[in-house]
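Examination of the molecular architecture
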Amino acid sequence: MDPSDAQTACFEAGIKFGSLYHQFAGTPVSPDSADSLARAIEEAIENQPHCEAVTVEILTEELERALADGPADYTELTGRFLDVEILVEYEGHTVRTRMEMEDGYPLMRLVDVDG
């Protein structure tokens, strides 16, 4: 059985998150570079098919706390520093997804499916 259009839209959203996380995890980031890195991530992921919008917030307060105890003025990007929303549209279906920290884990979840 072929997947429904709504299921395909959800799959596409998952692909975007997998790409986002695994492409950018480990990227050097500092409080000064956080905004430009967030915009670069948004623009890169928005290039993918069916992706209508990506909003990335790098949590600079969390980043500053992590750097306060370390020897460097930057660290590597991980899910603990990210709050992300992705909007995918496919064949009349709009899927909204989010990634945010929950119990110490960067949880990616389906928020809603319209259409």
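Look above for the structure.
1. Considerations on the packing of helix H1 (residues 5–24) against helix H2 (residues 34–46)
Relative to each other, H1 and H2 sit at 140 degrees, their axes nearing to 10 Å. Between H1 and H2, the interaxial angle falls into the category oblique. Of the two elements, H1 crosses H2, and the hand of that crossing is right-handed. In contact with Lys16, Ser19, Leu20, Gln23 and Phe24 of H1, H2 contributes Leu37, Ala40, Ile41, Ala44 and Ile45. Partitioned by chemical class, the residues of the contact of H1 with H2 number 7 nonpolar, 2 polar and 1 charged.

2. Examining H1
An ideal rise of 1.5 Å per residue puts 28 Å on 20 residues; H1 measures up with 29 Å between its terminal C-alpha atoms. Within the span of H1, buried status applies to Thr8, Ala9, Glu12, Ala13, Lys16, Phe17, Leu20, Tyr21 and Phe24. Residues of H1 that are buried sit in contact with H2, strand E2 (51–58), strand E4 (82–90), strand E5 (93–102) and strand E6 (105–114). Gly26, located one to two residues past H1, shows a positive phi value of around 100 degrees.

Quick notes on the rules
- Residues numbered from 1 in each chain as written.
- Predicted model: local features only at pLDDT ≥ 70, side-chain atom pairs only at ≥ 80, totals over all residues.
- Heavy atoms only, no water.
- Axes fitted to C-alpha atoms, helices over the stretch in contact; angles between N-to-C directions.
- Helix = DSSP H or I, 4+ residues; strand = E, 2+ residues; numbered from the N terminus.
- Parallel < 35°, antiparallel > 145°, perpendicular 65-115°, else oblique.
- Left-handed = near helix turned anticlockwise from the far one by under 90°.
- Contact = heavy atoms within 4.5 Å.
- Nonpolar A, V, L, I, M, F, W, Y, C, P; charged D, E, K, R; others polar.
- Expected span 1.5 Å × (residues − 1).
- Buried < 20%, exposed > 50% of the residue type's maximum accessible area, 1.4 Å probe, protein only.

None of the figures reported here should be taken as evidence of function without further support.
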